[in-house]
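Coordinate inspection notes
Here's the letter readout for the chains.
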Amino acid sequence: MASPPSDPHDRGHLASLALQSKKALQQGEALCSRANALSVASAQEVFNVLALSAKVRWISDAVMEQLKLAACVAKDIEERRSRLEAQAQAWDIARSQQTGALDTILESLGRELVPPSFHEVEIDVSLFGSQSSDSEEERPTPATSPDRSPTLTIRGSESKQQKRKKKAEARLQDRSRWKSLRDFVDEHAIESEIEIMENERSELDKTLTVTAAYPHTLQDTLYNIEEGLPPKTPSTDVTMILTSQDNVSESMAQQLESLAQHYDQMERSLSDSEAGHVFEADDLMEMNRDTEELPVIIDELEDAYNSIHTGHDELRAAKRTAYEHLAQQRGILDDLIELGSIMGEMLQRQTEVELDFESRLEVLNQHLFILGDVSHQYTLYQHSYRKLLVEVARRRHYTEAADQIVRGTMSQLAAMAEEERQLREDFNTEHGKYLPSDICFFVENMPTRWEVTPLKDDAIESLPDIPADLVALARDAPGIDERSPVGVDSV
C-alpha cells in the first residue's frame, strides 16, 4: 500500500528544527572543546601550584625551625638576665639587713652615755694609773712628818680632793651634756662608705640596662617574621577546584551527547519526511519541545564553561600567590641571616655584661663585708665599754681596798698589786683593741706600786666616779657576767 503524500509544510518545519539542532550541537561542541582545553590547562596549573606550595611549605617549615632556635636564644638571654637580677635583689636584701644592723647598733650606742671623766683629761687625774704632772712641786711627798698621815699622802691634799670631787659631782649630776658612745664613732667615714656603695649599686643597674631590651626586641622580631610567613593553609583549595572541574566536564559531556542524539534524531526525521513519511501531530509537538530546550542546554553549557574558566582563573591566581610567597620568603631568609648575626652580638654582649656584673657585685659584696665588720666592731665596742664600766668600778674598789691596807702588811699590798696588774693585763688584752683611744686614755696603765708612799715613778691613782645606775646596766647587759668587783674578795 502506498504512503500518503508528505506535507511540504512539515518538511520545511523539520528542516528548520534540524538546523537549530545542528547549530546547538556546534555551539555545545565549541563550549566543550574550550572547557576541555581549560581543564587540561587547569590540571597543569594545579601541578604548578602544588609544586610551588610544597616549596613554600618547606621553606616555611625551615624558617619555623630557625625561629624556634632563635626563641631559645631569646629565652636563654632572658634567663641569664633574670639570674643577674635575682643576684642584685639578693644583694639589696643583704644591704638592707647590714644597714639595718648598723643603724641598730649606732642607735644603741647613742643611748649609751659616757661619763665626762672618761674622755676629759685632767692634769693630775688618771683613770687607770700614773700620769706625770706638769710640776715636780705637785708630786706627792713621802709621809715623813708627823702631821702627814699615810692616808693623806696617798690621797693628796684635802683641798684638791674636795675641788675635784665637787667638779666631778657637778658633771655627774647634769647628764644633758654627756656624750654617748656614738659621739666617738666616725660617722663621716660610714656615710662616705655607704655613698660609695650606693654609687656602685647605681653602676650595677646601668650594667643591667645594657641588655634589658634584648629579650623583648628578639621576641618582637620573631613575632614579625612569623607573622610574615605564608598561611599554613592555602586560601585556594586546588584539589577541590580540580575535582569540581572534572564533575562539570563530565556533566558537559553528557549534555553534549544529548545534543548529538537530538541532532541525529532530527536528521532522521527530516530524511523520513523527505522520503514521504507523514508525522503525527504529537510527534511534531515533541520534536518542537525538544528543540525549544536546546537554548536552555546551551546556557547550562555556557555556565559550566564559565565555572571551569573561573576555576582556571583561581588556579592561576593561586600560582601567582605562591610565587609572591616565594619572593616574600627570600626576604624572610635574609632577615633570618641578619637576625643570626644580631643574636651572636647579643650573646657576646650578654656575656660581657655578666663578667662586668660579677666584678661589680664582688666590689659591692666587699662593701657589705665592711659594713658587717663595722657593725661587729661597734657591737664589740659597746660590749667592751660595758666591761670597761665594770672594770673601772672594780679598780675603784681595789684602790679603796689598797688605801685601807696601806698601813698594814706590805706583803698583802704587794700581792694585791700583782693580782691587780694581772687583771688589768687580761682586760686590756681582751677589750683594749675595741675601745677607741679617746674614750679610755689610761686603759693600759698598771696599778700604782706602793711602798708606804707611792714609788718614785708612780703617781697616786685616782679613778672617776661612775653613777651606780650605769654600772648596774653594764653588769646586766648580755655577756657581762661580773656581779661583784673582781680581785678584791681575795685581798
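Residues numbered from 1 in each chain as written. Predicted model: local features only at pLDDT ≥ 70, side-chain atom pairs only at ≥ 80, totals over all residues. Heavy atoms only, no water.

1. Considering the overall build of the protein chain
- Per the secondary structure count, the protein chain includes 10 helices and two strands.
- In the protein chain, buried positions account for 39% of the 491 residues.
- Here the analysis covers contacts within the protein chain between residues at least 6 apart in sequence; of these, 89% occur between residues at least 24 apart.
- Summing over all exposed atoms, the protein chain offers an accessible surface of approximately 27900 Å²; the carbon and sulfur share of this is 51%. (Helix = DSSP H or I, 4+ residues; strand = E, 2+ residues; numbered from the N terminus. Buried < 20%, exposed > 50% of the residue type's maximum accessible area, 1.4 Å probe, protein only. Contact = heavy atoms within 4.5 Å. Areas by Shrake-Rupley, 256 points an atom, 1.4 Å probe, with all protein chains shown as cover.)

2. Re the pattern of salt bridges
- What the rule picks out here adds up to 21 salt bridges.
- For Arg-201, the salt bridge is made with Asp-92, and the minimal N-O distance between the two is 2.8 Å. Separated by 109 residues along the polypeptide, Arg-201 in helix α4 (residues 187–209) and Asp-92 in helix α1 (residues 8–110) bring together distant segments of the chain. Summarising the burial analysis for this pair, Arg-201 and Asp-92 share the class buried.
- Among the salt bridges present, the one from Glu-200 reaches Arg-360, with a minimum N-O distance of 3.8 Å. Taken together, the residues Glu-200 in helix α4 and Arg-360 in helix α8 (residues 294–405) connect sequence positions 160 residues apart. (Salt bridge = Lys/Arg side-chain N within 4 Å of Asp/Glu carboxyl O.)

3. Some words on helix α10 (residues 468–476)
- Taken together, the buried positions of α10 are occupied by Leu-470, Val-471, Ala-474 and Arg-475. Along the axis of α10, the buried positions cluster into a sector of 130°, meaning they face one direction only. When the buried face of α10 is taken as reference, the exposed residues oriented beyond 90 degrees from it are Ala-468, Leu-473 and Asp-476. (Arc of directions from axis to C-beta.)

4. Notes on the environment of Leu-294
- Mapped onto the elements, Leu-294 comes out in helix α8.
- On the basis of relative accessible area, Leu-294 is assigned to the buried category, the value being 4%.
- The spacing of Leu-294 and Ala-24 is 270 residues in sequence and 6.4 Å in space, taken between C-alpha atoms.
- Non-local contacts of Leu-294, meaning those with residues more than four positions away in its chain, are made with Gln-20, Ser-21, Ala-24, Leu-259 and His-262.

5. Examining the nonpolar core
- Counting residues in each nonpolar core, the largest one holds 41 residues, and the members touching the most others are Leu-109, Phe-118, Tyr-378, Tyr-381, Tyr-385 and Leu-388.
- Mapped onto this core, the elements with two or more residues apiece are α1, α4, α8 and α10.
- If one sorts the elements of this core by residue count, α8 sits on top with 14 residues.
- Counting residues in each nonpolar core, the second largest holds 22 residues, with Ile-59, Val-63, Val-73 and Ile-332 among its members. (Core = buried A, V, L, I, M, F, W, Y, C linked by side-chain atoms within 4.5 Å.)

6. Notes on the confidence of the model for the protein chain
- On average, residues of the protein chain score 80 in pLDDT, and 80% of them reach the 70 mark or higher.
- Scored below 50 in pLDDT, residues 123–157 shows 78 contacts in the model against residues more than four places distant or in partner chains.
- Below a pLDDT of 50 lies the segment residues 484–491, which in the model reaches 17 contacts outside its immediate sequence neighbourhood of four places, other chains included. (pLDDT = per-residue confidence, 0-100.)

7. A closer look at the layout of surface pockets
- By volume, the second largest pocket amounts to about 320 Å³.
- If you trace the second largest pocket, you find 19 residues lining it, with Ser-53, Pro-231, Pro-234, Ser-235 and His-325 closest to the centre.
- Counting residues per element, the ones that place at least two in the lining of the second largest pocket are α1, α6 (238–274) and α8.
- Per-element accounting of the lining of the second largest pocket gives the leading share, six residues, to α1.
- Looking at side-chain class alone, the lining of the second largest pocket contains 10 nonpolar, six polar and three charged residues. (1 Å grid on protein atoms, 1.4 Å probe; cavity = no way out; pocket = protein on both sides within 12 Å on 5 of 7 lines; lining within 4 Å. Points joined across faces, edges and corners; volume = space filled by probe spheres on them. Nonpolar A, V, L, I, M, F, W, Y, C, P; charged D, E, K, R; others polar.)

8. Remarks on α4
- The terminal C-alpha atoms of α4 lie 33 Å apart, and with 23 residues this matches the ideal 33 Å at 1.5 Å per residue to within 8%.
- Those residues of α4 lying buried are Ile-190, Glu-193, Met-197, Arg-201, Leu-204, Thr-207 and Leu-208. (Expected span 1.5 Å × (residues − 1).)

9. Re the side chain of Thr-211
- On the secondary structure map, Thr-211 appears in the loop between α4 and α5 (214–228).
- Look at Thr-211 and you get buried, because its relative accessible area is 0%.

10. Regarding a negative patch on the surface
- A cluster of like negative charges, contributed by Asp-299, Glu-300, Glu-302 and Asp-303, occupies part of the molecular surface.
- The topology assignment puts Glu-300 in helix α8. (Patch = residues over 30% accessible without salt bridge, like charges linked within 9 Å, V, L, I, M, F, W, Y side chains within 5 Å. Lys, Arg positive; Asp, Glu negative; His and termini not counted. Charge placed at Lys NZ, Arg CZ, Asp CG, Glu CD.)

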